[in-house]
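Below, each chain spelled out in residue letters.
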Amino acid sequence: MATILEPLLPHPPSPCSSARQPHLSCCLPSFPKPSDRLSPVANSHSPRRCRANSYDKQTNWIQVRGAGADIFFRDPFVLDENISVEFSSPSSSSFKSVEDLGSPQEAGEKVLKQYLTEFMSTRLGVRRESNVLHTSSRVADDGRIYYQVEVNIKSYANNNELAVLPQDRVVKLEWDRRYLSVLGVENNRLYELRLQTPENVFVEEENDLRQVMDSFRVNKVVD
């Protein structure tokens, strides 16, 4: 059983890697206009060597290439809001089921630990507050088990970290974000859909974000 989530986050192979990649599907939210229609997008390369991704995309979201993720889109208006897909390396891990991570609660703690590792700061006076808000397990219409994890992370910093007197070091909230993850396993790999959004935006867009989470699927690569 896996004890850490670290194999989830190495950079994926390049688009022309000889390793076969999965077909991933998810539905991007229709922000900032919920009534707008989603437009289908399919990325495909050589059928022998490269991966193919299919998902629905709202036209105002911008794809960021070279971001170290298989899929990465960002809202051009709310820069703290983005969606990405990451997957583990087959050479460093071999997953049979998402249950290899343990229970949803155990997986949630590992996801949170991974986020905190990524956001580790060397700046003086920076501290983070974090909580696992919710974890769950569900069987989707493809028959696979998916874990869903929600965490909140707040970042605080002193306005004058070098000040001698405590009263001159005022702690202020830098950001307050909700992180939503969906974990699934196929092709002996662990896949994670990641959604990041400010907490105040999450309140307004929760239904759309949950639709994105529920739409995520990983499919078996057929020879």
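Residues numbered from 1 in each chain as written. Predicted model: local features only at pLDDT ≥ 70, side-chain atom pairs only at ≥ 80, totals over all residues. Heavy atoms only, no water.

Draft legend 1. Fine view of the sheet that holds strand 6 (residues 82-87). The 7 strands lie next to each other as 4-5-6-10-9-8-7, forming an open sheet whose pairing is antiparallel. Where the open sheet ends on each side, the last strands, each with one partner, are strand 4 (62-63) and strand 7 (127-139). As paired elements, strand 6 and strand 10 (residues 189-198) share 6 bridges and run antiparallel to each other. Paired with Glu86 across the strands is Glu192, a residue of strand 10. Most of the contacts of helix 1 (residues 104-118) go to strand 7, to which it runs at about 145 degrees, and overall it touches strand 7, strand 8 (145-158), strand 9 (171-186) and strand 10. Together, strand 6, strand 7, strand 8, strand 9 and strand 10 form the strand contacts of helix 2 (residues 199-215), whose direction differs from that of strand 10 by roughly 155 degrees. (Pairing = 2+ DSSP bridges. Helix = DSSP H or I, 4+ residues; strand = E, 2+ residues; numbered from the N terminus. Contact = heavy atoms within 4.5 Å. Axes fitted to C-alpha atoms, helices over the stretch in contact; angles between N-to-C directions.)

Draft legend 2. Region of interest: helix 2. Maximum bend of helix 2: about 80 degrees, positioned at Glu205. Turning to helix 2, its buried residues number three or more, namely Glu199, Val201, Phe202, Glu205, Asp208, Leu209, Val212 and Met213. (Bend = angle between axes of the 7 residues up to and from the residue. Buried < 20%, exposed > 50% of the residue type's maximum accessible area, 1.4 Å probe, protein only.)

Draft legend 3. Region of the structure containing the environment of His134. Relative to the helices and strands, His134 resides in strand 7. Counting along the chain gives 46 residues from His134 to Leu180, while the straight-line C-alpha distance between them is 9.5 Å. Setting aside its immediate chain neighbours within four residues, His134 contacts Gln148, Val149 and Glu150.

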